[in-house]
Amino acid sequence: MCGIVGYLGNKKAIPVIMQGLKSLEYRGYDSAGIAYIKNDKVNIIKKAGKIKNLDNVLNYKEDTYLGIAHTRWATHGKANDINAHPHKYGKITIVHNGIIENYDNLKKELIKKGKTFISETDTEVVACLLDEIYEKNKNMLEAINLLAKRLNGSYALNIICSDEPHTLYAVRKDSPLIVGNGNQEYILASDIPALLHVTNKYFLLDNYDIVKIDNNGLKFYDENLKQIKKQEKVYTGDLEVSSKKGYDHFMLKEINEQPELIKKLFRKYAIGDKFSNVFDISKYKSIEIVACGSAYHAGLIGKYYIEHLANIKTTVTYASEYRYQKNFFDKDSLVIIISQSGETADSLAALKLAKKNKIDTLAIVNVFESSIAREAKYVFYTEAGIEVAVATTKAYLAQILVLLMLAANTLKDQSEVINSLKLLPNLLSQYINNYDYKKIAKKLVNYEHIFYLGRGLDFSLAMEGSLKLKEISYIHSEAYPAGELKHGTISLIDKNTGIIAIVIDKTIKEKTISNIKEVASRGAKILAITNDEKNEFSDTKILLEDYNDILNPLVTIISMQLLAYHIAKLKKCDIDKPRNLAKSVTVE
Ligand code: G6P
């Protein structure tokens, strides 16, 4: 959600900045803009819609070596040219990621002083306020520091002051911003993919750190404006994160990366017939998993593993609900926050709430040293590598794997889980390669409504299957507990309703099948994803082998991901960047 790039260096800035900005497209956005210095003057160009609209009007050969750019995911005000960033007020030009919670009061205060605004954004208010402070003291470092004290909420800001056209400033609080340190060139960015074309060396910023970059180099200041040293990090992962490596979409590439990912986690955490270096959950009387979106769905599968293998009562709550519900904060409980990005605003707030109430917290996170990873007491990285497609696949599977390892680690005899996981990479490859998902997708692509039905564990799987389908294909889809249908929802079922029945969970299989038959008798055609060989309840099926309770859900996931992918592909949807969605949801 919103991407930021800032550059100062010895190369022409526009191509460098735009390459960075394009590699942040996955975060989700609906307008883009750039400000650059030419002949010591600020030039601003911004356009609603895709980055290509901006690209079309840019001159890549422009003689400029300093600039800031932004992809905006609209929050305050429509996605149009005026609301797009950068925003300039007086001598200050900024791009901003985050939400300023007190912007309305600040705006009223500034209007009383005679200031006027042309956009509906909170960001223009920030630019105006900073300009006002700067005009009083004419010292940018002090002005940024004073600004930070006036703002509530979250922000990552890249700032240019017209009086200092060769200097780039930045500050952050609770929104991601990193500083790439190249050879006499510096790049500010929301995430690592945006700086790899310049350097793999970077610095992380703490809240309220201020960055100043000019011809003398890069300097960091803390909130007391004391110059500080930061530790340089080196990104050693895949340098080609922005390449689809021959796949049509990042989503398909990432689905295909799952077998290798499992091997990687296995190599790291399984030694002989035991897990090693896995966080010990056995001392906790209960576990509360808190997450959003697919991470919440991973939590539901995790609950199944933790309750069945570790025998620890587990609840799963949406982070957006956890923050505002009544919580009991039992000191013997562990709160597990799951997040791919490690930046999801609701998950981060839930984590802070649990911490404030002195509950142990464990973050299961994909992005290294993200806000959630840094804030939690303990952290367990999912190591799925950078995920570019907005719809998560490999990170979701890795979250489940980590939860399974946490559960299995409590067992005396861990050999069944270990032996199962040894088989998993090959099984997943088999299900990726040996099925004609496209053929099945053709049967479903014309439905306007598709229900995913299941009970028990199958319902948890259905929730993710349905989310995958709706987010990338825009087909209305709901996951429904099959046993609940007759209490209202079955009234929606007729021959025009698509039904995907998940029938894997043997403990409740017979009951689920009865419910599916009720639906079939209302005229609906049934696609079953099942390991029930007899399978007399469906018109079409994806038949999975029946392995065991550990493997069965994991192979089901792959089939659901590929089915959603092929339906969206047939519909010619923008699979990697679905409309209105953002990969990293940094607003509440
Ligand atoms: C967004 C993404 C989802 C993701 C959810 C939670 O909605 O599009 O794929 O599951 O946020 O994100 P997180 O980074 O916390 O896992």
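Keep in mind that this is a model prediction, so the values were computed, not measured.

Each value, and the rule that gives it
- Residue numbering note: each chain is counted from 1, following its sequence as written.
- Where local features are concerned, this predicted model is filtered to residues with pLDDT of at least 70; where side-chain atom pairs are given and counted, the filter is 80 or more; whole-chain, interface and lining totals use all residues.
- Excluding hydrogens and water, the side-chain values take into account all heavy atoms of the structure.
- Paired strands, in this sense, are two strands between which DSSP finds at least two bridges.
- Here a strand is any run of E in DSSP of at least two residues, a helix any run of H or I of at least four, and the numbering for each starts at the N terminus.
- The contact rule is simple, with two residues in contact once any of their heavy atoms fall within 4.5 Å.
- Every axis corresponds to a line fitted to the C-alpha atoms, with the helix fit spanning only the stretch in contact, and the corresponding angles, defined between N-to-C directions, vary from 0 to 180 degrees.
- Every definition here rests on a 1 Å grid over the protein atoms only: cavities are sets of points where a 1.4 Å probe fits but cannot get out, pockets are open sets enclosed by protein on both sides within 12 Å along at least five of seven lines, and lining residues have some atom within 4 Å of a point.
- Grid points are joined across faces, edges and corners, and a volume is the space filled by probe spheres set on the points.
- Polar here means any residue outside two lists: the nonpolar Ala, Val, Leu, Ile, Met, Phe, Trp, Tyr, Cys and Pro, and the charged Asp, Glu, Lys and Arg; Gly therefore counts as polar.
- Centres within 6.5 Å make a pair out of two Phe, Tyr or Trp rings, where for Trp the six-membered ring is used; the pair is then stacked when the planes are under 30 degrees apart, edge-to-face when over 60, and tilted otherwise.
- Burial classes: relative accessible area under 20% of the type maximum marks a residue as buried, over 50% as exposed, and values in between as partly exposed (1.4 Å probe, protein chains only).
- We call a charge positioned over a ring when the NZ of a Lys or the CZ of an Arg lies within 6 Å of the ring centre and within 35 degrees of the ring normal.
- Domain start and stop positions are those given by an automatic or database domain assignment.
- Put simply, buried area is how much 1.4 Å-probe accessible surface two parts lose in total, over both of them, once they are put together.
- Here a salt bridge means any side-chain nitrogen of Lys or Arg lying within 4 Å of a carboxyl oxygen belonging to Asp or Glu.
- For this analysis, a polar contact is any N or O atom pair within 3.5 Å, provided that within protein one partner can donate a hydrogen and the other can accept it, and provided that sequence-adjacent residues contribute only side-chain to side-chain pairs.
- Throughout, near means a residue has at least one heavy atom within 4 Å of the molecule or strand.
- Areas reported here follow the Shrake-Rupley algorithm with a probe of radius 1.4 Å; residue values treat only the protein chains shown as occluding.

Caption draft 1: Representation of the sheet that holds strand β7 (residues 155-161) in the model. In space, the seven strands of this open sheet follow the order β5-β6-β7-β8-β12-β13-β14, with antiparallel pairing throughout. Sheet topology places β5 (87-89) and β14 (227-228) at the edges, where each strand pairs with a single neighbour. Direction of pairing for strand β12 (residues 210-214) relative to strand β13 (residues 217-221): antiparallel, over a ladder of five bridges. Each residue of the ladder has a partner; that of K212, found in β13, is K219. Contacting β5, β6 (92-97) and β7, helix α4 (residues 122-137) crosses the sheet at an angle of about 140° to β6. Sheet strands in contact with helix α5 (residues 140-150) are β6, β7, β8 (168-173), β12 and β13, and its direction is about 150° off that of β7.

Caption draft 2: Broad picture of empty space enclosed by the protein. Applying the stated criterion across every chain yields a total of two cavities of 30 Å³ or more. Lining the largest cavity are C2, H70, R72, W73, T75, H76, H85, H96, G98, T121, D122 and T123. Within the residue set of the lining of the largest cavity, elements represented by two or more residues are β4 (66-72) and α4. By residue class, the composition of the lining of the largest cavity is two nonpolar, eight polar and two charged. There is about 30 Å³ of room inside the second largest cavity. Surrounding the second largest cavity, Y304, L457, I504, D505, K506, D549, N552 and P553 form its lining. When its residues are assigned to classes, the lining of the second largest cavity shows four nonpolar, one polar and three charged.

Caption draft 3: Fine view of the packing of aromatic side chains. Scanning the entire structure with this criterion turns up nine aromatic pairs. Measuring from ring centre to ring centre gives 6.4 Å for F279 and Y284, while their planes differ by 15°; the resulting arrangement is stacked. Taken individually, F279 and Y284 each receive the classification buried, so the pair is uniform in this respect. Between Y435 and Y437 the ring centres are 5.5 Å apart and the planes differ by 40°, which places this aromatic pair in the tilted class. Residue Y435 is classed as partly exposed on the basis of its relative accessible area of 25%. The class of Y437 is buried, set by a relative accessible area of 2%. Among the aromatic side chains, those forming a connected cluster through ring pairs are F279, Y284 and Y378. When the ring centre of F328 is taken as reference, the NZ or CZ atom of K326 above it lies at 4.8 Å.

Caption draft 4: The arrangement of the domain arrangement of the protein in detail. Split by domain assignment, the protein resolves into domain 1 (3-234), domain 2 (243-434) and domain 3 (435-588). Its C-alpha centre places domain 1 at a distance of 33 Å from the equivalent point of domain 2. With both sides pooled, the region where domain 1 packs onto domain 2 buries about 850 Å², and carbon together with sulfur makes up 50% of that total. If you sort the residues of domain 1 by the area they bury against domain 2, Y26, D174 and L204 come out on top, with a joint share of 51%. Here domain 1 is connected to domain 2 by three salt bridges. Here R374 makes a salt bridge to D206, at a shortest N to O gap of 2.9 Å. Taken together, the links from domain 1 to domain 2 amount to five residue pairs in polar contact (both at pLDDT 80 or more).

Caption draft 5: Molecular detail of the site of the ligand. Lining the immediate surroundings of the ligand are 13 residues, of which S294, S339, Q340, S341 and T344 lie closest. S339 has a polar side-chain atom sitting 2.6 Å from an oxygen atom of the ligand. In this structure, S341 approaches the ligand through a side-chain N or O atom, which is 2.6 Å from an oxygen atom. Taken by itself the ligand offers 390 Å² of open surface, and the protein chains cover 89% of this. The element best represented in the shell around the ligand is helix α8 (residues 293-310), accounting for three residues. Per-class residue counts for the shell around the ligand are five nonpolar, seven polar and one charged. Both domains that meet at the shell around the ligand, namely domain 2 (243-434) and domain 3 (435-588), each give it at least three residues.

Caption draft 6: Local environment of the side chain of N515. As for its position among the elements, N515 is in helix α16 (residues 509-520). Judged by relative accessible area, which is 4%, N515 ranks as buried. Among residues more than four places away in sequence, those in contact with N515 are R455, A482, G483 and K486.

Caption draft 7: Expanded view of unusual backbone geometry. Residues H85 and P86 are joined by a peptide bond in cis, for which omega reads 0°. Inspection of the secondary structure puts P86 in the loop between β4 and β5. In this model, N39 sits at a positive phi of 50°, which is unusual for a non-glycine residue. Counting through the fold element by element, N39 comes out in the loop between β2 (31-38) and β3 (41-48). Located in the positive-phi region is F329, a residue other than glycine, with phi close to 45°. Relative to the helices and strands, F329 resides in the loop between α9 (319-322) and β20 (333-339).

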